[in-house]
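Architecture at a glance
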Amino acid sequence: MASADPAPSTPPTPPPAAPEDASSGGGWPLIDGWARATLSPSGPRLWQTLNHKSACLSCAWGTGGQNGGFRDELGEPLQRCLKSVEAIGAELQPAVPAEVFAGRSLAELQQLSSAACDRLGRLDRPLIHRAGSTHYEPISWEEVHGLVAEAFRTPAPERVASYSSGRSSNEAAYLLQLLLRALGCNNLADCSDLCHAPSTIGLGRVFGSGTSMVNLESLQHADGVVLVGSNAPANHPRLMNELIRLRERGGTVIVINPVLEAGLLKFGSPAFPVRSMLGGGSEIASLFLQPIPGSDTAVFLGLQKALLERGAIDLAFVKVHAEGWQELIAQIEGTPWEAITACCGLSREELEHTAARLAACRAVVFAWAMGITHHANGTTNVQAIANTAVLSGNVARPGAGTMPIRGHSNVQGFGSMGVTVHLREPMRLALEQLLGRPLSRTPGYDTRALIEAAERGGVDSLLCLGGNLFGANPNSRQAQGALGRIDTIAYLATKPNTGHFHGLAARQTLLLPVFNRFETPHRTTVESGNNWVRLNEPGSTHLRSGQLISEVAFLAELAHRLHGDTPIDWRRLQDPVYVRELIARTVPGYEAMAGIDASKREFEVSGRVFHEPRFATPSGRAQLAVTPLPELRLPEPEHFGGLAPGERGLVLSLITARSYGQHNTVVYKPGDSYRGMPHRQTLLISPADLVASGLAAHQRVTVQGEAGALEGIELIPGSIRPGAALMFYPEANVLMRAVSDPHSGTPAFKRVPVLVRG
Ligand SMILES: Nc1nc2c(c(=O)[nH]1)N[C@H]1C(S)=C(S)[C@@H](COP(=O)(O)OP(=O)(O)OC[C@H]3O[C@@H](n4cnc5c(=O)[nH]c(N)nc54)[C@H](O)[C@@H]3O)O[C@H]1N2
Ligand SMILES: Nc1nc2c(c(=O)[nH]1)N[C@H]1C(S)=C(S)[C@@H](COP(=O)(O)OP(=O)(O)OC[C@H]3O[C@@H](n4cnc5c(=O)[nH]c(N)nc54)[C@H](O)[C@@H]3O)O[C@H]1N2
Ligand code: SF4
Ligand SMILES: [Mo]
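Residues numbered from 1 in each chain as written. Chains lettered and ligands numbered in written order. Predicted model: local features only at pLDDT ≥ 70, side-chain atom pairs only at ≥ 80, totals over all residues. Heavy atoms only, no water.

1. A look at the domain arrangement of the chain
One can read the domain layout of the chain as domain 1 (118-194 + 410-521 + 545-578), domain 2 (197-405) and domain 3 (632-757). Between the C-alpha centres of domain 1 and domain 2 there is a distance of 36 Å. Between domain 1 and domain 2, the contact holds six residues from the first and eight residues from the second. Between domain 1 and domain 2, a total of about 430 Å² is buried, with carbon and sulfur atoms accounting for 42% of that surface. Considering only the surface of domain 1 that becomes buried against domain 2, Leu194, Gln412 and Arg424 emerge as the three largest contributors, covering 65% of it. The interface formed by domain 1 and domain 2 contains zero salt bridges. (Domains from an automatic or database assignment. Contact = heavy atoms within 4.5 Å. Buried area = accessible area lost by both parts, 1.4 Å probe. Salt bridge = Lys/Arg side-chain N within 4 Å of Asp/Glu carboxyl O.)

2. Observations concerning the sheet that holds strand E9 (residues 282-283)
Taken in spatial order, the three strands of this open sheet run E1-E8-E9, and their pairing is mixed. Only two strands of the sheet have a single partner each, and these edge strands are strand E1 (25-26) and E9. Of the strand pairs in this sheet, E1 and strand E8 (residues 266-268) are connected by two bridges, and their pairing is parallel. Looking at E8, one finds that glycine 26 is bridged to glycine 268. (Pairing = 2+ DSSP bridges. Helix = DSSP H or I, 4+ residues; strand = E, 2+ residues; numbered from the N terminus.)

3. Thoughts on the site of ligand 1
Within the structure, ligand 1 sits among 31 residues, and Asn231, Glu261, Gly294, Gln662 and Asn664 are positioned closest to it. Isoleucine 256 has a polar backbone atom sitting 3.0 Å from a nitrogen atom of ligand 1. Between a nitrogen atom of ligand 1 and a main-chain N or O atom of glycine 371, the distance comes to 3.3 Å. Considered on its own, ligand 1 offers 910 Å² of accessible surface; in the complex 99% of this is hidden by protein. Of all the elements in the fold, those that place two or more residues in the shell around ligand 1 are helix H11 (232-235), helix H20 (370-373), strand E21 (649-657) and strand E22 (662-663). (Near = heavy atom within 4 Å. Polar contact = N/O pair within 3.5 Å; in protein donor to acceptor, adjacent residues only side chain to side chain. Areas by Shrake-Rupley, 256 points an atom, 1.4 Å probe, with all protein chains shown as cover.)

4. Re the packing of aromatic side chains
Tallied over the entire structure, the rule returns eight aromatic pairs. Where phenylalanine 101 meets tyrosine 136, the ring centres are 5.9 Å apart and the plane angle is 80°; that geometry is what we call edge-to-face. Linking phenylalanine 101 in helix H4 (residues 98-103) with tyrosine 136 in the loop between strand E2 (127-130) and strand E3 (137-138), this pair joins segments that are 35 residues apart in sequence. Judged by relative accessible area, phenylalanine 101 falls into the buried class, the value being 7%. Grouping aromatic residues by their ring pairs yields a cluster made of Phe101, Tyr136 and Phe501. A cation sits over an aromatic face here: arginine 572 above tyrosine 578, 3.7 Å from the ring centre. (Phe/Tyr/Trp six-rings, centres within 6.5 Å; stacked < 30°, edge-to-face > 60°. Buried < 20%, exposed > 50% of the residue type's maximum accessible area, 1.4 Å probe, protein only. Lys NZ or Arg CZ within 6 Å of the ring centre and 35° of its normal.)

5. A word on the site of ligand 3
For ligand 3, the set of nearby residues contains 13 residues, the closest of which are Cys56, Cys59, Thr63, Cys81 and Arg238. Among the secondary structure elements, those contributing two or more residues to the shell around ligand 3 are helix H3 (82-91) and helix H12 (237-248). Considering only residue class, the shell around ligand 3 consists of five nonpolar, five polar and three charged. (Nonpolar A, V, L, I, M, F, W, Y, C, P; charged D, E, K, R; others polar.)

6. Notes on the nonpolar core
One finds Phe207, Val226, Leu239, Phe300, Val395, Met403 and Leu624 to be the most contacted residues of the largest nonpolar core, which totals 79 residues. Setting aside chain neighbours within four positions, we find phenylalanine 300 in contact with Val226, Val228, Ile256, Phe366, Ala384, Ile385 and Thr388. Core analysis: the next-biggest nonpolar cluster, separate from the first, contains 62 residues, Ala172, Leu465, Leu492 and Leu555 among them. (Core = buried A, V, L, I, M, F, W, Y, C linked by side-chain atoms within 4.5 Å.)

7. Things to note about the environment of arginine 721
Checked against the element boundaries, arginine 721 lands in the loop between strand E26 (709-717) and strand E27 (724-728). Sequence-distant contacts of arginine 721, that is, excluding residues within four places in its chain, are made with Pro258, Gln290, Pro291, Ile292, Cys344, Gly345 and Ser686. In terms of polar contacts, arginine 721 uses its side chain to reach the backbone carbonyl oxygen of glutamine 290, at 2.8 Å. A polar contact is formed between the side chain of arginine 721 and the backbone oxygen of glycine 345, at a distance of 3.3 Å.

8. Digging into the environment of alanine 116
Relative to the helices and strands, alanine 116 is located in helix H6 (residues 114-118). Judged by relative accessible area, alanine 116 falls into the partly exposed class, the value being 27%. Along the chain, alanine 116 and leucine 203 lie 87 residues apart, while their C-alpha atoms are 39 Å from each other.

9. A few points about the state of the cysteines
Evaluation of the coordinates by the stated rule reveals zero disulfides. The thiol of cysteine 343 is not disulfide-bonded; the next cysteine sulfur, from cysteine 344, is found 6.6 Å away. (Disulfide = S-S within 2.5 Å.)

10. Focus on unusual backbone geometry
Look at the link from threonine 566 to proline 567: it is a cis peptide, with omega at -15°. Along the chain, the position of proline 567 falls in the loop between helix H28 (551-563) and helix H29 (576-586). In the segment running from tyrosine 729 into proline 730, the intervening peptide bond is cis, with an omega of 5°. By the secondary structure assignment, proline 730 is in the loop between E27 and strand E28 (752-757). Phi angles above zero are rare outside glycine, and asparagine 475 is one such case at about 50°. Its identity as a non-glycine residue notwithstanding, asparagine 664 has a phi of 50°, on the positive side. Looking at the element boundaries, asparagine 664 is found in the loop between E22 and strand E23 (666-667).

Written out as structure tokens, the structure reads:
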């Protein structure tokens, strides 16, 4: 493919972007997006990649693998969405022209937006930035290996760390944690700390297992889905097909979201072309509740109370299969309706009506995403959902259960592989046996703790396996300062991002190009959000003259340089088949990994999907616990310095979320017409708040947070609950101070107090 070759003079081809239509989600624009993408110059290569036997790069719903690029684990065809095309398109860009790094100073590169960083192209040779220099410069791999090994060879293992983002393989993840744990270091920060950690911890407390207890097949037996705090039409489009089918079966979809997301009302899926094209899409929500942001614990407590009052709690089931129910029932009975409705802003009638619909369902799946976890009480939110599932008898049978909708395509695999500061006991014991000695008991740094330790000068060396640690954290200025106190940072990445230019280390920053999933020259595996382990076939890259490395090769080389040949032959870990052997031996639930190279048989991680109500807790019973209502009062304008004379404004609870055209910190498209937000410097506000504050639609205002301000933000009236506002991440991350859930360390990205003034 000529256009995909790394010719330095070729301008990068922008990835194909989906056009939009504001009236519903999906529909014609998606079909048109497919057509445009596949007719683009990189179209043939794109199709080749879509058909490659590897899992989609984008979300953890997971599509592709041994069944071919378009099929899911049940073998159903046509299950690939346009988001995966967006992700592949970006990876098929030509290499960053050599002149970019030779010619542009860091000061210039720091001016680039997230989209512009990504559009520079693919990284194809190792680079280094040395303190005092104005530029990134080329460096040889031999020198890189030497520098990184020197940085991690330390008598103080608590002063080194890693951060990872769930796009890499299970094999790379396993190696990363093994090499750090063998050093005596538990500082394995991961993007899940900013994402679903409250789900892992909350579900772990209730059921003894922190992942979804529902698989795809089971979901297809549900007649009710409660979808909370998820914008699935944009972020997990494939899930929409399941919701469409469920509605077709006569099932009920209850959506809980302060924002009336267009695609959650109606969605046109290309998998249902006739309805999608001629009927304006399929109806999704049977009921739509718009609570106050951060109040979901109150919503679920209200549903529990209404279920109890209408006699719809199966106490016989609960008494046998749960513990702690007495205290929970006492909380439900003892909490007055007024406290619940004041906290969540929904009426008793709304909650009672919803509970009646729930009680009428035979089997309900409770599914949620960041609207639940990105709160100072994220873990409690998750526990409130899990309590509701148990009390209503919707656990551990076909079509019923709890389903956190995972983010990155292999983020769950990273957790399974032990890239976590909450290592589970069975895996600890297995690793200790493998390494022949006890692991360090010093608690590791999760992502927020890592930033705080770095800020104190407590971190010397950091290895980043993908991601954008700078861009993903709250309080961007603090993140930048903290990273700047680390001596050496090595970023392994496929494409440049803002973090590579703003997150510079004190002495040296290495920027190292890696193969992505469909290019890696050896087999790899990943795990979906529904516990399905996929096998990716080897691939090749279009960057033929590049110097890319496989992540496994890089980590095995580092491990060998640090640990030599003891107690395992670290260089043998260059062979991913051997890594899979170790995974099968040491990772609970991964026994079937042992034969996967020979059998090519993908599998479900064992012990995660409960078919009967015997949970993974010591007693086998679900552990119910009370869930305190959150205190959601917003500060006064004076907290932010107040309004200037003649200024108008108001304090709002800001949700920071993804637009329809971005993948996390990487922006593909500036606008979001589904929400009527034409560019990224916008704030979605309710018309009622415009009237109350005296501000005008489309006025440019200042948004003042506790850590920083953004000026020139356009006010966009939209279907959002009064009192709440929505802006796009990562730009909004300058605004917020890091306020984290004490149980999981996850920041409150969805309830950021701000003063809007103009
Ligand atoms: N295309 C695309 N796909 C992606 C990603 C991407 O960036 N782009 N990112 C991936 C990753 S890592 C993740 S974690 C997921 C994220 O997937 P989502 O969680 O769907 O993403 P967000 O944009 O954070 O949107 C969260 C939703 O929660 C709602 N919400 C906000 N606050 C509250 C609240 O207090 N209560 C309730 N009930 N709802 C609330 C918001 O209005 C919004 O609709 O997507 C994954 N897939
Ligand atoms: N305000 C606010 N902040 C948030 C959120 C929010 O909703 N609001 N969401 C949070 C959430 S849920 C998450 S998960 C984090 C995301 O945080 P991260 O995971 O840290 O960020 P990403 O933007 O997904 O990282 C993208 C980069 O990964 C690299 N990459 C891509 N593929 C590969 C690969 O195969 N290998 C390697 N080594 N690198 C690769 C590319 O260089 C790309 O630029 O952000 C969090 N931050
Ligand atoms: S739903 Fe997720 S995994 Fe499936 S094709 Fe779309 S982005 Fe990829
Ligand atoms: Mo995420």
